[in-house]
Protein chains: 2
Amino acid sequence: MEPQTHLKPGRVRPGGRTAKVRAAVLDATQDELVDVGFHGLAMDRVAARAGVGKTTVYRRWRDPGGLVTDLMVELADQSTPHADTGSIEGDLRANAMSVLGAINDQRLGATLQAVIAAATCDPAAADALNAFYLRRVKEWATAVDRAVERGELPAGTDGAEVIRAVSAPLYYRLVVTREPVDERHAERAAARVLAAARAGAFAEAAG
Amino acid sequence: MEPQTHLKPGRVRPGGRTAKVRAAVLDATQDELVDVGFHGLAMDRVAARAGVGKTTVYRRWRDPGGLVTDLMVELADQSTPHADTGSIEGDLRANAMSVLGAINDQRLGATLQAVIAAATCDPAAADALNAFYLRRVKEWATAVDRAVERGELPAGTDGAEVIRAVSAPLYYRLVVTREPVDERHAERAAARVLAAARAGAFAEAAG
DNA sequence: CCCTTAATGGGTTTCTGGTTCCGTTAAGAT
DNA sequence: ATCTTAACGGAACCAGAAACCCATTAAGGG
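Residues numbered from 1 in each chain as written. Chains lettered and ligands numbered in written order. Predicted model: local features only at pLDDT ≥ 70, side-chain atom pairs only at ≥ 80, totals over all residues. Heavy atoms only, no water.

Quick look at the overall build of chain A
Our working definition: Counting from the N terminus, the helices are the DSSP runs of H or I reaching at least four residues and the strands are the DSSP runs of E reaching at least two. Type-normalised accessible area, obtained with a 1.4 Å probe on protein chains alone, sets the label of each residue: buried when under 20%, exposed when over 50%, and partly exposed for intermediate values. Residue contacts follow a heavy-atom distance rule, with two residues in contact if any of their heavy atoms lie within 4.5 Å. Accessible surface area values rest on a Shrake-Rupley calculation with a 1.4 Å probe, where residue burial reflects the displayed protein chains alone. Positive: Lys, Arg. Negative: Asp, Glu. His and the chain ends are not part of the count. By convention, the charge on Lys lies at NZ, on Arg at CZ, on Asp at CG and on Glu at CD.
Counting its regular elements, chain A contains 9 helices and 0 strands. When the 207 residues of chain A are sorted by exposure, 47% land in the buried category. Taking all contacts inside chain A whose residues are at least 6 apart in sequence as the whole, residues at least 24 apart take part in 67%. Surface accessibility of chain A: about 9,900 Å² in total, with carbon and sulfur atoms responsible for 52%. Charge-centre separation for chain A: the mean point of 26 positive side chains lies 6 Å from the mean point of 27 negative side chains.

What follows is the structure in structure tokens.
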């Protein structure tokens, strides 16, 4: 038998109970994040709120960082539908609105901020966060590629960078200046990136 | 005698000792932030590292959030020289480099990230963070205003928004995706914002 | 259906941050 | 120089989160 890592129980017998416990704990974690934020996240409370023994929570997730990391891994697996409106303008706007929705959703927004805070000092959380965005950026980047093929944007335009550039100002407001973010900001973000992309500022040569 | 707020001792007798204690504590706080991050910041340790009684640290700053908040207030007071290169291109690039320098400076970078994490759950930290950026953005926005006067950018261009837009992608990498940020990224950020600004995407009408 | 043991859960103990108490130091006024 | 008291600091004290122990439950193989 191999060394049994004790960090991933649930691999050997992931049936009913174990899965239910995980779902309940992750759910309770999100609720707690909404209420008290990452800084106030106590394993103790999460266990109580999930209706689960606290020993189990400590054993499987170790600390609050492990909790939000697993939460982010879970969310990263879920795909968000990416639109195809036919024009790059519509697609970028749709992307901005999608990001806006995530940011302003109470549970998801609280979770994102918690993971961002956790990633400050927890490499595992940072990795999970990265995986989460990597997937979304990749999915949306195809819209930019299509626009290049249609001739709407200059050849060599870096799709992933364009998508990130749309998100950046929204997250900047969310995390850095902590101002509210609304549809207007999302639209502006999309419009500005589009203007830059059309001018070739996202083409490889413009590095 | 008035209610003595106990949150601002040092107002009545700010002479030598009190000032020295504050400097030592704030200094030790930055060191600790570099080592363990905000999440690992313990009043206890800061006191020890500063060579100061821990009672004093608790009395004057209450909790880690108070510590980083005061630190940010201190940093906000210090002005960074904003360049005037003669062209908007040069000025935006200079601004991007300035932000880059702040982000990549070990102590300042750690402090910024700590305050961002703290602001997640501490309104005072959020205010201090805001004040910090408000000042810098305002100072740099004048460069954009000059460019508008020189006819380099469309009339009505929102200077503050332009400056923020330059910072946004850099902070996005720092805080959200946690990727390294270098000169190349700074230059690209400046170039892209400039392209959008020239296209009028930052002019008022372009809501 | 039964058996093995993975996985859970209640209860207790430990330990580290956080609080309070009270004596000591020295800033600033006279 | 002296006095008042703001501000500091050491040590004991307290609370709540983290770790541990061992009994209980039920997943999955036969």
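Quick look at helix α3 (residues 54-61) of chain A
Residue and element names in this part refer to chain A. How we decide: By definition, the arc is the one covered by directions from the helix axis to the C-beta atoms.
All of the buried residues along α3 are V57, R60 and W61. Taken down its axis, α3 places every buried residue within 80 degrees of arc, on the same side. Where α3 is buried, its residues touch α1 (16-36), α2 (43-50) and α4 (64-77).

Observations concerning the protein's contact with DNA strand C
Filter applied, for reference: When we say a residue is near a molecule or strand, we mean one of its heavy atoms is within 4 Å of it. N or O atoms within 3.5 Å of each other form a polar contact, as long as, within protein, one can give a hydrogen and the other can take it, and as long as residues adjacent in sequence are counted only when both atoms are side-chain atoms.
Around DNA strand C there are 24 residues in total, and T55(A), T56(A), R59(A), R60(A) and G15(B) lie nearest to it. Protein-proximal atoms of DNA strand C, defined as those within 4 Å of the protein, fall in sugar or phosphate at a share of 56%. A distance of 2.8 Å separates a phosphate oxygen of DNA strand C from a polar side-chain atom of R60(A). It is α3(A) that contributes the most residues to the surface near DNA strand C, 5 residues altogether.

Notes on the side chain of E139(A)
Here E139(A) shows up in helix α7 (residues 123-150). Those residues within four positions of E139(A) in sequence are excluded, and the remaining contacts are S79(A), T80(A) and H82(A).

Here we look at the confidence of the model for chain A
Applicable threshold: pLDDT expresses how confident the predictor is about each individual residue, on a scale running from 0 to 100.
Here chain A shows a mean pLDDT of 91. Residues at 70 or above account for 93%. Long-range and interchain partners of residues 1-6 of chain A, a stretch whose pLDDT sits below 50, account for 2 contacts in this model, where long-range means more than four residues apart.

Structural notes on the relation of the copies chain B and chain A
The condition is simple: The superposition of copies rests on a least-squares fit of C-alpha positions from residues with pLDDT of 70 or more in both.
Placing chain B over chain A gives an RMSD of 0.2 Å and needs a rotation angle of 179 degrees, together with 0.1 Å of translation along the axis. Those values place the two copies in the arrangement expected of a two-fold rotation axis.

Observations concerning the side chain of T177(A)
Tracing the chain through its elements places T177(A) in helix α8 (residues 159-177). With relative accessibility at 4%, the residue T177(A) sits in the buried group. Within the structure, the side chain of T177(A) is placed 2.5 Å from the side chain of E179(A), a separation counted as a polar contact. In contact with T177(A), not counting residues within four places along its chain, are Y172(A), N130(B) and R164(B).

Focus: the interface of chain B and chain A
This is how the line gets drawn: Buried area, as used here, totals the accessible surface that two parts lose on assembly, with accessibility defined by a 1.4 Å probe and the loss added over both. Salt bridge, as used here: a side-chain nitrogen of Lys or Arg that lies within 4 Å of a carboxyl oxygen of Asp or Glu.
Each partner contributes residues to the interface: chain B has 34 residues there, and chain A has 33 residues. Buried area between chain B and chain A, both sides added, is near 3,200 Å², and the carbon and sulfur share of it is 61%. On the surface where chain B and chain A come into contact, there are 4 salt bridges. Across the pair R164(A) and E179(B) runs a salt bridge whose closest N-O atoms are separated by 2.6 Å. The tally of links between chain B and chain A comes to 10 residue pairs in polar contact (both at pLDDT 80 or more). Of all elements in the fold, only α6 (106-119), α7 (123-150), α8 (159-177) and α9 (183-198) of chain B reach the threshold of two or more residues within the side of chain B that touches chain A. It is α8(B) that provides the largest number of residues to the side of chain B that touches chain A, a total of 11 residues.

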